[in-house]
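Chain by chain, the residues:
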Amino acid sequence: MLAKDYETVKRRQEGGVAILTLSRPEAMNAFNTQMMADLLASIDDVDGDDSVKVVIVTGEGRAFCAGADLSGGGNTFDRSRPRDPRREVGQVDGVNRDGGGRVTMRLFNCSKPIIAAVNGAAVGVGVTMQLAMDIRLASYGAKFGFVFARRGVVPESAAGWFLPRLVGLQTAAEWMYTGRVFSAAEALDKRLVRSLHEADDLMPAALELAHEIADNAAPVSLALTRQMLWRGLTLDHPMEMHKVDSRAMHFRGSSADAKEGISSFLEKRPAIFSDKVSTDIPQVWLEWNERSFR
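Residues numbered from 1 in each chain as written. Predicted model: local features only at pLDDT ≥ 70, side-chain atom pairs only at ≥ 80, totals over all residues. Heavy atoms only, no water.

1. Some details on the sheet that holds strand 7 (residues 121-123)
Across the sheet, which stays open at both edges, the 4 strands sit in the order 5-7-9-10 with mixed pairing between neighbours. Two strands lie at the open edges of the sheet, namely strand 5 (63-65) and strand 10 (181-183), each paired on one side alone. Taking each pair of neighbouring strands and ignoring which way they run, the sheet shows an average axis angle of 20 degrees. (Pairing = 2+ DSSP bridges. Helix = DSSP H or I, 4+ residues; strand = E, 2+ residues; numbered from the N terminus. Axes fitted to C-alpha atoms, helices over the stretch in contact; angles between N-to-C directions.)

Rendered as structure tokens:
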């Protein structure tokens, strides 16, 4: 088991699964500039580590993340006041990038599948950061809330793009317009989360799912599939995806992983995939343009 701690995020690893734990339990893991920086660094860390096949994100204590740290009072969101210089990275025309959005953009571009294990309150950025994760499991006691309109601000972390794609426009509108906090049961009913678990069973369930993926799937295939799913949401015609998956099949079909995947299946043994995400992902997105904040 590997372990590495940042100031507000703890990392440990079990086999091919990295677990990132938001760690400000005394503040219900409220999101601040340090947590933004630590999340960006820890995602870079696991994304560049070929020993990591799947990532789980959870919270320490009784909350997943209770939202933005409001210790600054009424000036918390006032971007005209002096800020931590880390908040000004990528500033354009005097406008700072939203910190939660920087995290979700990094999650969007991550090459590893990401599972959220929502162990408690997930409000504001505590829920919007999850929207760029692939699968969400929650405890029965978890609560969710897109509370921005009740605080006089707006949804951030690109939630206006992610949430309607996950739960539909009508549900996204109700949750964002009312700003009410809702139960894990409602989150399950509206398909925001995949399943609910007793508190003590949440991490074992998340780990079981993570290992189902990590122990059986080729990492490069996972990385390409994740790109196809998320980037595919931006395409305007299925022909564009046909181009991508045709290129991917062309390159992957002759790979060592493809030979091993078929041989291991015919020989009824576990596959040992050798291709690495860091070096062996083929270029299949010839028409893809990376977006910048401008």
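2. Focus on the packing of helix 4 (residues 159-167) against helix 5 (residues 169-178)
Relative orientation and spacing of two packed helices are given, respectively, by the angle between their axes and the distance between those axes. Between helix 4 and helix 5, the least distance of the axes is 7 Å, while the angle of their chain directions is 130 degrees. Overall, the two elements helix 4 and helix 5 adopt an arrangement that is oblique. Crossing angle aside, the handedness with which helix 4 passes helix 5 is right-handed. Contacts from Ala159, Gly160, Leu163, Pro164 and Val167 of helix 4 reach helix 5 at Leu169, Thr171, Ala172, Trp175 and Met176. When grouped by side-chain class, the residues that make up the contact of helix 4 with helix 5 number 8 nonpolar, 2 polar and no charged. (Parallel < 35°, antiparallel > 145°, perpendicular 65-115°, else oblique. Left-handed = near helix turned anticlockwise from the far one by under 90°. Contact = heavy atoms within 4.5 Å. Nonpolar A, V, L, I, M, F, W, Y, C, P; charged D, E, K, R; others polar.)

3. Notes on the environment of Leu163
Structurally, the position occupied by Leu163 is in helix 4. Separated by 33 residues in sequence, Leu163 and Gln130 have C-alpha atoms that sit 9.9 Å apart. Contact partners of Leu163, with chain neighbours within four places excluded, come to Leu131, Phe146, Gly168, Ala172, Trp175, Met176 and Leu192.

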